[in-house]
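# Structural features, examined
Single-letter residue listing:
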Amino acid sequence: MTAVELPGVAPTPHPPGEDLVLDVRDLRMRYGTVDVLHGVDFTARRGEVLALLGPNGAGKTTTIEILEGFRMRSAGEVRVLGVDPGRGDERWRARMGVVLQSWRDHGKWRVRDLLAHLGAFYAPYATDRISRPWPVDELLDTVGLTPHAAKRVHQLSGGQRRRLDVAVGIVGRPELLFLDEPTVGFDPAARREFHELVHRLADLDETTILLTTHDLDEAEKLADRILILAGGRIIADGSSDELARRVAGDAEIRWTRDGERFVHAAADATGFVRDLLRQHGDSVQELEVRRASLEDAYMALVYEEESGVRAGTAAASVWRQGSER
Amino acid sequence: MNPTTAAVRAGVQRGVIELRNTFTNAQDLWNYFFPTAVLLVTMFFMRGATVPGTSFSLGARTLPSALGMGLAFGGLIGLSQQLIVDREDGTLLRAKATPNGMLGYLIGKIVMLSAVALIGLVLQLTPALFFLDGIRLTDGGAWLTMAWVVPLGLVATLPLGAVIGSLIENPRNMGLVVLPTFGLIALSGIFYPINGYPGWLQAVAQAFPVYWLGLGMRSALLPPELAAVELGGSWRHLETFGVLGLWAVLGLTLAPVVLRRMARRESGSRVAARREKAMQRAM
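Residues numbered from 1 in each chain as written. Chains lettered and ligands numbered in written order. Predicted model: local features only at pLDDT ≥ 70, side-chain atom pairs only at ≥ 80, totals over all residues.

Before going further, it helps to spend a moment on helix α7 (residues 175-187) of chain B. In an α-helix there are 3.6 residues to a turn, and that puts residues three or four apart on one side. Here α7 of chain B is 13 residues long and its end C-alpha atoms lie 18 Å apart, about the 18 Å a rise of 1.5 Å per residue gives. Just beyond α7 of chain B, the residue with positive phi is Gly189 of chain B, at close to 70 degrees. (Helix = DSSP H or I, 4+ residues; strand = E, 2+ residues; numbered from the N terminus. Expected span 1.5 Å × (residues − 1).)

With that out of the way, let us pick up the interface of chain B and chain A. Tallying the contact residues gives 26 residues for chain B and 27 residues for chain A. Looking at which element gives the most residues to the side of chain B that touches chain A, the answer is helix α1 (residues 3-22) of chain B, with eight residues. (Contact = placed C-beta atoms within 7 Å.)

Attention shifts here to the pairing of strand β9 (residues 233-238) of chain A. All names here are of chain A. Here strand β8 (residues 225-230) pairs with β9 via five bridges, running antiparallel. Following the sheet pairing, Leu229 is matched in β9 by Ile234. Between the antiparallel neighbours β8 and β9 lie two residues, among them Gly231 with a positive phi of about 60 degrees. (Pairing = 2+ DSSP bridges.)

Another point: the environment of Met46 of chain B. Residues and elements named next belong to chain B. Following the sequence through the fold, Met46 ends up in helix α2 (residues 26-46). With 12 residues separating them along the chain, Met46 and Leu58 place their C-alpha atoms 6.0 Å apart. Setting aside chain neighbours within four positions, we find Met46 in contact with Leu58, Gly59 and Thr62.

Moving on: the confidence of the model for chain B. Residues and elements named next belong to chain B. In this model, chain B carries a mean pLDDT of 89, and residues with pLDDT of at least 70 account for 99%. Within chain B, helix α9 (residues 209-221) carries the highest mean pLDDT (95), whereas helix α11 (residues 268-282) carries the lowest (77). On the interface metric, ipTM, the complex scores 0.86, and its pTM is 0.84. (pLDDT = per-residue confidence, 0-100.)

All names here are of chain A. If you walk across this open sheet you meet the six strands as β5-β6-β7-β3-β8-β9, and the pairing is mixed. Edge positions in the sheet fall to β5 (96-99) and β9, since each of these pairs with one other strand and no more. Across the sheet, the mean angle from the axis of one strand to that of its neighbour is 15 degrees, orientation sign disregarded. For strand β6 (residues 176-180) and strand β7 (residues 208-212), the ladder comprises five bridges, and the chain directions are parallel. Its bridge partner lying in β7, Leu177 is registered against Ile209. The strands touched by helix α6 (residues 188-204) are β3 (49-53), β6 and β7; relative to β7, the strand with the most contacts, the crossing angle is about 150 degrees. Across the face of the sheet, helix α10 (residues 294-307) comes into contact with β3, β8 and β9 while running at roughly 25 degrees to β8. (Axes fitted to C-alpha atoms, helices over the stretch in contact; angles between N-to-C directions.)

A few words on the domain arrangement of chain A. Residues and elements named next belong to chain A. Under the domain assignment used here, chain A contains domain 1 (11-95 + 175-180 + 207-238) and domain 2 (246-324). At the level of secondary structure, the elements contributing two or more residues to the side of domain 1 that touches domain 2 comprise α7 (216-222), β8 and β9. Here the side of domain 1 that touches domain 2 takes three residues from α7, the largest share from any one element. Partitioning the side of domain 1 that touches domain 2 into residue classes produces eight nonpolar, one polar and one charged. (Domains from an automatic or database assignment. Nonpolar A, V, L, I, M, F, W, Y, C, P; charged D, E, K, R; others polar.)

Quick look at the structure:
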């Protein structure tokens, strides 16, 4: 087994320049005598999609609320769109979009009325580069609510309601978008459409997106970079491949031979399979090679943070559990 | 366009939309019409009784008083209720997440509640004219008096409603406001003159806007002779203006501070926590 480095976070580089949309250094938050965040560090560049993962109670919501300017921090340097969120003015507010969990507001409003109304607040903040707000018809089409434009908000289904939330979040054509568990309650088709929308926002409009989710598959699909927040710290920061490789160097190989099942873990899966086939040839059936997934990495890293066990051991234990399943 | 102008304009638009929404909602309509109907029935049965010391219909005296009470009630209870509900369901947080959204929100509420109060006024006034005698609606002076009493009454009560709504977080505690308000109405000579009350009770009543709104509306709609049976034997316009004005100044001074403090504390997790509580209540 390859030596696994402790995922003590490699200090995030702080590249200078205006491209830095989020710049968080040593963010700390304390409620009374309880420290919720002790030293969170990360950055995000323009057009980057970041997924913030972590167990419940790890401080994800607190972190996001501080960045949104809805909560004052205890200490640390934070710049959001170049501005301290504790002092952000309305011009700053106009450059970001917020999609929170569980809205039930504006139930009596019609979908189109609500989007047109909220959009009106952004009109004065249009710039040469970004026209604001997003035209209502186009926006309705983008989030797939055109057939429901005349409905009252309380008549929408859960998934439609969530799409409306997303529409409200982007009606001002934000440069930075916060998405708090955006796809809860989506059916697979709606989820796929939503993923396409996120890609479109990030690629075409260069919107920087910070999302939280418990769906690791979603994080893997959407995010350029994944941050794992546990115990009030960022314990991992990288692409999902990087994270997976960091925790578990071994791949898992499964096959059957003469009706018997085999499972083997190897660092060099290709080499192992080559040898296996050379040795047993045609009798090898149902060959499967599985690399460590983001889920494996996540479980291992969080387990390690919570139990204080070294990542390598933790990873191995997760693997073992995985094999026994 | 200047951002503040845009927000004010959006706020007015918000008021109009909410007005339309509330007048196409069966539950809301019921809430508006039911008390009005009760009042009208009460006045109908009071039309035979007379104001003590005169031969004037007690029902006709009650009508303008009740209109004044309606204004006070709409301003105080209406706005605080809306604030509490809107805080719970996330409407306020949405406004906070929108540039200048709080300004737009407040203007929307003021437009909407003022319109509801005025519509309520007309709703009660019109049918009452058919069975009550002595209301001088054709008199230009009546409209002139209402033209300052009604807006001043709204300015005196709406900011107070905002303060109350900001201080109460749990919708269940709304009773803390509604019950004393009913007590105050009983004190304020809406349904019966308070000349017979002990002096200190009269003083308490005259410290609050409800009494003066009732008096102001009576002064507008009743014949001048009836001033004689009021406290002090006159309509006391100057005092009405003074007391309502003081409440307006107090409300307008306090409301921005309290509203800002409340808005600052709003966040997604607070809305989520309230939602959880509301769900538990519903179970």
